[in-house]
Each structure stands twice: as C-alpha cells, then as structure tokens.
Amino acid sequence: MLCRRVGDGGGPGCAPLQPASQGDLLFAPTGLGMEVMAPTTINALNGSSVKLSCTFNSCYKVENKQFSLNWTYQECRNCSEELFLQFRTKIMNKQLDRFGNRVEFTGNPTKYDVSFTLKNVQLEDEGTYNCYVLNPPDRHRGHASISLKVLTKEPPKHDSTVAVIVGASVGGFLAVVILVLMVVKCVRRKKQQRLNTDDQKTEEEGKTDGEGNPDEGTK
C-alpha cells in the first residue's frame with residue numbers, strides 16, 4: 001500500500017495515494033511509510049537524568065503483536081552495538097551491566113513515541129544510541145541515532161553584552177543614516193527655494209524694464 005502523510009493535528013497518519021494517471025510516473029521512495037525522528041545530539045549533566053527522545057510516523061496503526069523496537073548502544077563508531085531495550089508485544093529491559101536499572105521506557109508506541117529516560121547519567125554513558133522501529137505492514141525498518149554528550153559542569157550562560165553592543169551599534173548606524181538623509185533633504189529644499197527666489201527676481205526685473213524705462217530710439 002502506497003500512501004501520503006496527512007496532518008490532521010492529532011498525530012502521525014496517512015491516506016492512500018491516488019492511482020497515477022496515464023502518462024504519470026508513480027515514484028515510491030524506500031521507506032515511504034516509516035520515518036523515525038530523533039535529535040542528533042543531546043547534552044546531559046553528569047549525575048542528572050536525561051530523556052532520549054525518539055518518535056516515528058507510520059502509515060499503519062501500531063499493533064503490539066506486530067510492532068517491534070530495538071534500542072542499542074555504541075561506545076564508539078566502530079564498536080559493536082549492544083541491545084539494552086526491546087519491545088516485543090511488551091517492553092523488555094535487557095539491563096546491561098553498564099546501565100543496570102537506570103533505563104526507564106517513557107514512550108508510548110501507540111502514540112508513535114518510543115523514547116526512554118536514562119537516570120543518574122555517568123561519563124561512561126557517552127556514545128551513540130540507536131533507535132530501530134518496525135511497524136508492519138511497513139516493510140522497511142526506520143532508524144535514528146542520538147549522540148549523547150556528558151558534561152561535568154553546566155555550560156556558561158550566554159552573555160548578552162555582545163547582543164547589546166551589536167544592537168547599540170546597529171541603532172547608532174541607523175540614526176546616522178537618518179540624520180544624513182534629513183540633512184541632504186534640507187540642503188536640496190533650500191537650494192530649490194533659492195532657485196525659485198532667483199527666478200522670481202529675474203521675472204520681476206524684466207517687468208520693471210518693460211514698464212518704467214522707455215526705449216532710447218523714441219527719444
């Protein structure tokens with residue numbers, strides 16, 4: 001079944017695609033019905049709890065008997081993946097030695113959410129967390145990865161001084177531009193008024209010569 005996603009405001013979903021008309025090519029990309037979404041990187045403070053969010057879209061309703069989920073951990077890029085959380089009709093926590101009982105599934109597959117929370121984060125928890133989702137009849141398994149970074153102290157708060165300086169600089173520049181435009185406008189207006197005055201004087205002088213001074217040839 002090919003489908004297109006429909007945004008109904010109530011969560012992920014889709015509707016069947018209309019058959020292609022004659023002469024049109026119906027292109028179905030790989031994994032059309034499955035899309036898994038997760039943040040690329042998450043920062044967590046050492047000793048805190050952090051939620052690793054993973055959601056998905058599917059063209060089909062989630063059925064617990066068919067739906068499957070795997071969460072794996074990779075310590076490094078070339079390291080093997082370790083399965084620590086799985087869903088097969090129900091959630092199963094594999095309780096790896098590295099995590100113990102610090103992993104809690106906080107998602108809801110029927111709402112397209114398969115997130116989990118890692119408690120009491122340790123420096124050794126840094127690595128890549130892979131989220132694999134399969135929701136038959138979708139044939140393609142969706143996948144997303146999260147890189148977890150563990151911080152030993154809270155990151156410094158952003159200093160607003162730079163923003164204030166930039167804002168003041170931009171404001172000052174705009175003020176100068178406006179002032180220059182006003183000066184130019186005033187100069188042009190005064191010049192135009194001066195030209196109008198000179199033209200008026202010339203016109204008045206011409207009238208005086210024509211009315212008050214007799215022509216020398218008639219004397």
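In what follows, the accompanying structure is described. None of the values given here were measured: they were computed from a predicted structure.

### Description of the overall build of the chain
If you tally the helices and strands in the chain, you get one helix and 13 strands. Helices (α) and strands (β) of the chain occur, in sequence order from the N terminus, as β-β-β-β-β-β-β-β-β-β-β-β-β-α. Total accessible area computed for the chain in this model is approximately 15,400 Å², and 53% of it derives from carbon and sulfur atoms.

### Observations concerning the pattern of salt bridges
Using the criterion set out here, one finds four salt bridges in the structure. Its salt-bridge partner being Lys 119, residue Glu 104 comes within 3.2 Å of it at the nearest N-O pair. With Glu 104 in strand β10 (residues 103–105) and Lys 119 in the loop between β11 (116–118) and β12 (127–134), the pair connects residues that are 15 residues apart, well separated along the chain. What makes Glu 104 partly exposed here is its relative accessible area of 36%. Residues joined by salt bridges that share partners form a network here, namely Glu 75, Glu 82 and Arg 98.

### Quick notes on the sheet that holds strand β8 (residues 82–88)
Ordered in space as β4-β13-β12-β7-β8-β9, the six strands form an open sheet in which the pairing is mixed. If you trace the sheet from one side to the other, it starts and ends with β4 (41–45) and β9 (91–93), each paired once. In this sheet, adjacent strand axes meet at a mean angle of 20° when their direction is disregarded. One ladder, built from five bridges, connects β4 with strand β13 (residues 142–151); its direction is parallel. When the bridges of β13 are listed, Ala 44 appears paired with Val 150.

### Comments concerning unusual backbone geometry
A cis geometry characterises the amide bond from Pro 136 onward to Pro 137, with omega recorded as 10°. When you line up the elements, Pro 137 lands in the loop between β12 and β13. The phi dihedral of Tyr 112 falls on the positive side, at around 65°, and the residue is not glycine. Tracing the backbone through its elements, the reader meets Tyr 112 in the loop between β10 and β11. For Asn 120, which is not a glycine, the phi torsion comes out positive at approximately 45°. In this structure, Asn 120 sits in the loop between β11 and β12.

### Let's talk about the side chain of Asp 125
Along the chain, the position of Asp 125 falls in the loop between β11 and β12. Separated by 2.7 Å, the side chain of Asp 125 and the backbone nitrogen of Gln 122 make a polar contact. The contact partners of Asp 125, leaving out residues within four places of it in the chain, are Tyr 73, Arg 98, Phe 99, Arg 102, Leu 118, Asn 120 and Leu 148.

### Observations concerning the packing of aromatic side chains
All chains considered together, the criterion is met by eleven aromatic pairs. Ring geometry for Phe 56 and Phe 67: centres 5.6 Å apart, planes at 20°, overall stacked. You can see Phe 56 sitting in strand β6 (residues 55–58) and its partner Phe 67 sitting in the loop between β6 and β7 (68–74), a full eleven residues away along the chain. Ring pairs connect the aromatic residues Trp 71, Tyr 73, Phe 84, Phe 99, Phe 116 and Tyr 129, which therefore count as one cluster.

### Brief notes about the sheet that holds β11
Strand order in this open sheet of three strands is β5-β11-β10, and the pairing throughout is antiparallel. Taken across any chain shown, the strands that pair with only one partner, and hence form the sheet edges, are β5 (50–52) and β10. Within the sheet, the average angular offset between the axes of one strand and its neighbour, ignoring direction, is 25°. Pairing between β10 and β11: three bridges, direction antiparallel.

### Topic: the environment of Cys 54
The residue Cys 54 is located in the loop between β5 and β6 in this model. For Cys 54, a relative accessible area of 0% corresponds to the buried category. In this structure the C-alpha to C-alpha distance between Cys 54 and Ala 38, which are 16 residues apart in sequence, comes to 4.7 Å.

Cut-offs and rules
Residues numbered from 1 in each chain as written. Predicted model: local features only at pLDDT ≥ 70, side-chain atom pairs only at ≥ 80, totals over all residues. Heavy atoms only, no water. Helix = DSSP H or I, 4+ residues; strand = E, 2+ residues; numbered from the N terminus. Areas by Shrake-Rupley, 256 points an atom, 1.4 Å probe, with all protein chains shown as cover. Salt bridge = Lys/Arg side-chain N within 4 Å of Asp/Glu carboxyl O. Buried < 20%, exposed > 50% of the residue type's maximum accessible area, 1.4 Å probe, protein only. Pairing = 2+ DSSP bridges. Axes fitted to C-alpha atoms, helices over the stretch in contact; angles between N-to-C directions. Polar contact = N/O pair within 3.5 Å; in protein donor to acceptor, adjacent residues only side chain to side chain. Contact = heavy atoms within 4.5 Å. Phe/Tyr/Trp six-rings, centres within 6.5 Å; stacked < 30°, edge-to-face > 60°.

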